[in-house]
Amino acid sequence: MRSPEELDRIDWPSLHHAYGDGGDVPDLIRALYSGDGDRVDKALGALFNHVLHQGSVYPATVAAVPFLAHAAVHTLHARAGALALLAGAGGQGPVPWAGDEEEGHARVGAEVCGLLHLLGDDDPRVRRHAVRVARRANAQTLPAATRELAATYARDPVPAVRAEALIVLTRIDPDPQARTRRLRDALTDPVAAVRAVAALALLEQEQAPYPADLVAVLADAGGDGELAVNRLEFFPGVGDTDSRVAAVLAHDPDATATVARAWIARGNAEGRGARRAHELSTHWRDREHDTLALLAAALPHPTTPWDLSELLVAVIRWAPGATHPDPSLGDNLMPHALAGTTTAELAQLALGLLGDERLLTAVPDPQPRPLVALAARTHDLDHQRLALRHRHACPDELLATLTSHAARTLLRDLKDLLRRRPTVTLVRRFGDWGIRDTELLDLLADNARGSDDELATAATVAAARLGADPAPALDLLARRLKDDGLYLEEAGRLGPMAVPLLPLIEDRLTDGHEWTRTIAAEAHWRITGDRSKAVPVLTALVESLPAPVLALETLLSIGPPYPPHLRPHLMRLSTTDRRAVSSDDPFAPSTDLPLDTRLRSAATRMLT
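Here the structure is a predicted model, which means the values were calculated and not measured.

### Examining helix α11 (residues 212-221)
Okay, step 1: Along α11, the residues classified as buried are Leu214, Val215, Val217, Leu218, Ala219 and Ala221.
Okay, step 2: On its buried side, α11 packs onto α9 (176-186), α10 (192-203) and α13 (253-265).

Quick look at the structure:
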C-alpha cells in the first residue's frame, strides 16, 4: 500500500495503458482523494477507461495497484471504485494469463490483508467489492482472507454480499471438505441467492444428468431476482452467474427445461428463464416445441426492451421449424406486435414465421419482412403478392419458396420488383423458373450493363439460361473466375453451356477454402454430369468439417451411390441427440431452418 506522496517515485511515462503512456495516472489517483464526489467519479471513469480498458491489464495498471489500495482505505468517495479497479487488475479469467495479468494478480494478492477490514465497512458496495478483491488472495494472505470471508458469509445482511462471499470461499478455501460442507449447508440457507449459487457451484462439480435435488434448488432459488448479483456485471476472476448457469445446463436438457420453466413462472427476471429456454434448443435436437411453449409463457411478463428483443429473436429462431406451435404463442405475441415500439417488427416477424394471419387482419401496416415470412410460410398467392407489392419490399427470403407455377402467376409483380429493387437472388430465380418473356430479357439486359459486378454477372447468366446468347456470359465468367471463386456458382448455373470454363473450375477443386472447393465440385458436376471429380472432393469435406452442411446437401443433389465409409459419419450426424451444430450463421435469413436441422435432414436422406 503506497500513499499518493510516493506517486512521483514511479516513472509513469515509461508504463503504457490503453491510450498511451501512463503519465496521466498520478493526477487521476490524486483526484480520488478529493472531497468533490463528481471529480472523484470522473477520475474513476478515466482510470477504468485507461488502465483497465475492457478488462485489460497493462504495466500502468500493475504499478497503480498499491496506490489504489491506499485510496480504497483512505478516501471518502472512492473506496468502492478503487476496490473494483483492484479486483479487475488481477485479470478477468479465473486463472490469470501470463504477463501483465499474472503480475497484476500477484500485486493485488499482496495487498489483500490490508483491505480485509473493509469487509466490515458500513457501505455494502464497499463490502461487496472487498469480497471480490479477496478472490486474489495468495499463499501468504489466503488464511486471513478465508477466515474473514467466512465471517462475512455468516453475518452480512446483504444477499449479494453473502452470495459472492460464498462464491469466493468456494474458489479459495484450500480445504475441499470444508468447501463441500459449506456448499451443502448453504442449500437450505434462508437467502435465495445463497441457495442458488451453492447449487450452481455443486452442479459445476457434477456430471450430467444432474442430481434432481440440486437442479430443484437452482430452479427454485435462481428464479429470484437476487441471483442477478452479477448478471451483466463481470465478476473478475469468476465470470458472471448467467454464463456459468448456461455452461452447466448445456450438458443436461431436462435440467435446462426444469430451470427455464421455474424461472419463467417466477417472472423471467432479466430474461434469464427465456435464455434457458432458447439454450434448450440451441444445444439439443427435437426440443423446439418445448422451447416455443416456454417462450410463449415468458412473453406476458414485464421486461426491458433489451430482454424482450432477446426473447423475440429466440422465437424467430425456432418458429420456422414449428409444425404445431403452442396456440398461446401467437396470442402472446400480438400485444408486442401492436405496441408501436422498436421491438414491434420482431413480434410481427415472429407472427409471420408462424403463419399467423392476424398479421394482416389485426396489425395496421405490417412491415415488409413479416409479410415475406408469412408468405413463405403459407405459400398463399395473395400473401405472396402482398409481400412483393409492399413499397419497401425486400423479398429475397420469399423467392426461394416460389414454385415456377407461382412465379408465372406473379410474373407482373416480379418484373415490377426487378425494376424497383433488383437483387442477385431475384435475378438468379428468374433463371431457375425458366420463364421465357421478352420484356424480362430486356430487364435482365439492363441489369447486365449495371455497375454492380455481382448483379451484372447474375443477370448475364440468367439471360443465357432463358435463351439469350451464352457468349457474353462465358466471356464475363472467364475473366472473373481467374481472380474470384465467388462466380463459381454462376458457372454451375449455366450447366453444359459452361464446358469452356472447365479448366478454370478444375483449378478451384484444390482451393484452400472449403466453400470454394464445395462450389467448384458442384459446378463441375452440373456442367459435366460426371460425378467422378466432384464426389471425392465433397466426401473429403464431409469427413473434415465440423458442420459440412453444404457439402452434404450437394452430395444429396448428386445422388447415390455414396462412399460406404461415410456411413458411420452420416449415422452420427443423423442420430445424435445433441446438435452437431449448436450455433447458426447470424446473417442467415430468419426463414431458414437451423443449420443442424439441415445437416440432420441431409444425412438421414442419404442413409435411406
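From this point on, the discussion continues.
### Quick word on the environment of His524
Okay, step 1: The topology assignment puts His524 in helix α31 (residues 514-528).
Okay, step 2: Looking at His524, the relative accessible area reads 4%, which means it is buried.
Okay, step 3: Once residues lying within four places of it in the same chain are set aside, the contact partners of His524 are Leu502, Ile505, Glu506, Gly529, Asp530 and Lys533.

### Topic: the pattern of salt bridges
Okay, step 1: If you walk through the whole model with that rule in mind, you get 50 salt bridges.
Okay, step 2: In this structure, the salt-bridge partner of Glu6 is Arg9, at a minimum N-O distance of 3.4 Å.
Okay, step 3: With a closest N to O distance of 2.9 Å, Arg275 and Asp242 form a salt bridge. A residue pair is termed long-range when its members are at least 10 positions apart, and Arg275 in helix α14 (residues 272-283) and Asp242 in helix α12 (residues 241-249) qualify at 33 residues. There is no split in this pair, since Arg275 and Asp242 are both buried.
Okay, step 4: The network of salt bridges with common partners includes Asp242, Arg275, Arg276, Glu279, Asp307 and Glu310.

### As for the packing of aromatic side chains
Okay, step 1: If you walk through the whole model with that rule in mind, you get two aromatic pairs.
Okay, step 2: Where Trp12 meets Phe67, the ring centres are 6.0 Å apart and the plane angle is 55 degrees; that geometry is what we call tilted. Placement of Trp12 in the segment before β1 (16-17) and of Phe67 in helix α3 (residues 59-74) is noted, with a sequence separation of 55 residues between them. The pair Trp12 / Phe67 is uniform in exposure class, with both members buried.

About the thresholds
Along every chain, residues carry numbers that run from 1 in the direction the sequence is written. At least 70 in pLDDT is required for a residue's local features to be given in this predicted model, at least 80 for side-chain atom pairs to be given and counted, and no such filter applies to totals for whole chains, interfaces and linings, which use all residues. For the side-chain quantities, the full set of heavy atoms in the structure was used; hydrogens and water were omitted. Think of it in three bands: with a 1.4 Å probe and only protein chains considered, a residue is buried below 20% of the maximum accessible area for its type, exposed above 50%, and partly exposed in between. Elements are defined by DSSP. Helices are runs of H or I of four residues or more, strands are runs of E of two residues or more, and each kind is numbered from the N terminus. Working rule for contacts: check all heavy atoms of both residues, and any pair within 4.5 Å makes them a contact. Basic side-chain nitrogens of Lys or Arg form a salt bridge, by our definition, when they fall within 4 Å of a carboxyl oxygen of Asp or Glu. Here a pair means two rings of Phe, Tyr or Trp (six-membered ring of Trp) with centres within 6.5 Å. Their orientation is stacked below 30 degrees between planes, edge-to-face above 60, and tilted elsewhere.

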